[in-house]
Amino acid sequence: LAENNYFRTSGWFHQSADTIFPEMGFIAIIAPFNPGTKVVANNAVAGMGVSRDATGKELTFTQRSNLDARNANWVEDVGGIAITRRGKVAGNEWIDAIRNRDFLEARLTEGLQNLLINQPIIPYTDSGITTVRNTVTSVLNRSVSTSTTPSILQESNPYTTDFPRAADVPFAEKQLRELNASFTAF
């Protein structure tokens, strides 16, 4: 999995994977929470116990290091509590970061699609471009952390946008009814 750099797949090592389906416990860690409010690593998991080797012993440092080198995840005993370790996808990104990006992309797609459906026309003017920008920033603003509530985007400098002025857009682009704009989110 790591060799193929999968970003929608996470490997979890557990000796009872064929009988107790521990992946359901891993999904239960993050599924009930809004994106941006929970990480996958370092969570207590109930009902499955720690990951063990073929002899039934807890994983050694070397075994855990081998799993880590392959961007795999496991459950470890920490003070008598079964805790998830790593929380990464095979492509070496955090599971929750991938989920957060997917969520933000889905909300942006919905917001822009609703704008296109509900507006009879969006003129290729500065006002029309501002309407599109306002839709994008509205979605982004709902994903910004505050001092009391975590979310997807950082509280300080959460994003920047780059939308052109209508006068700066080539006529050919206007004919195609395309708007080349962008944002960068942190």
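Procedures and definitions
- Residues numbered from 1 in each chain as written.
- Predicted model: local features only at pLDDT ≥ 70, side-chain atom pairs only at ≥ 80, totals over all residues.
- Heavy atoms only, no water.
- Helix = DSSP H or I, 4+ residues; strand = E, 2+ residues; numbered from the N terminus.
- Rg over C-alpha atoms; globule rule 2.2 N^0.38 Å.
- Buried < 20%, exposed > 50% of the residue type's maximum accessible area, 1.4 Å probe, protein only.
- Contact = heavy atoms within 4.5 Å.
- Core = buried A, V, L, I, M, F, W, Y, C linked by side-chain atoms within 4.5 Å.
- Expected span 1.5 Å × (residues − 1).
- Polar contact = N/O pair within 3.5 Å; in protein donor to acceptor, adjacent residues only side chain to side chain.

## Section: the overall build of the protein
Thinking step 1. Of the regular secondary structure elements, the protein holds five helices and four strands.
Thinking step 2. The N-to-C order of helical and strand elements in the protein reads α-α-β-β-α-α-β-α-β.
Thinking step 3. Relative to the globule expectation of 16 Å for 186 residues, the C-alpha radius of gyration of the protein, 22 Å, shows a markedly less compact shape.
Thinking step 4. Principal axes of the C-alpha set define a box for the protein whose edges measure 70 × 35 × 30 Å.
Thinking step 5. Taken across its 186 residues, the protein has 35% of its residues classed as buried.
Thinking step 6. Partitioning the intrachain contacts of the protein with sequence separation of at least 6 by distance along the chain shows that 56% fall at a separation of at least 24.

## Quick word on the nonpolar core
Thinking step 1. In this structure, Leu104, Leu108, Val136, Leu140, Leu153, Tyr159 and Phe163 are the most contacted members of the largest nonpolar core, which totals 14 residues.
Thinking step 2. Elements supplying a minimum of two residues to this core: helix H3 (95-118) and helix H4 (126-141).
Thinking step 3. With five residues, the top contributor of residues to this core is H4.
Thinking step 4. In this view, valine 136 contacts Leu108, Leu112, Phe163 and Phe183; residues no more than four positions away in its chain are not counted.
Thinking step 5. Among the nonpolar cores identified, the runner-up in size contains 13 residues, and Trp12, Ile29, Val40 and Ile98 belong to it.

## Here's the deal with H4
Thinking step 1. Taking 1.5 Å per residue as the helical rise, H4 with its 16 residues ought to reach 22 Å, and the 21 Å between its terminal C-alpha atoms agrees with that figure.
Thinking step 2. Within H4 the residues assigned to the buried category are Gly128, Ile129, Val132, Thr135, Val136, Thr137, Val139 and Leu140.
Thinking step 3. Against the buried residues of H4 lie H3, strand S3 (159-162) and strand S4 (182-185).

## As for the side chain of glutamate 76
Thinking step 1. Among the secondary structure elements, glutamate 76 is positioned in strand S1 (residues 74-78).
Thinking step 2. You can call glutamate 76 buried: its relative accessible area is 16%.
Thinking step 3. Within the structure, glutamate 76 has its side chain in polar contact with the side chain of arginine 64 (distance 2.8 Å).
Thinking step 4. The contacts of glutamate 76, once residues within four sequence positions are left out, are Val50, Arg64, Ile81, Ala82, Ile83 and Arg85.

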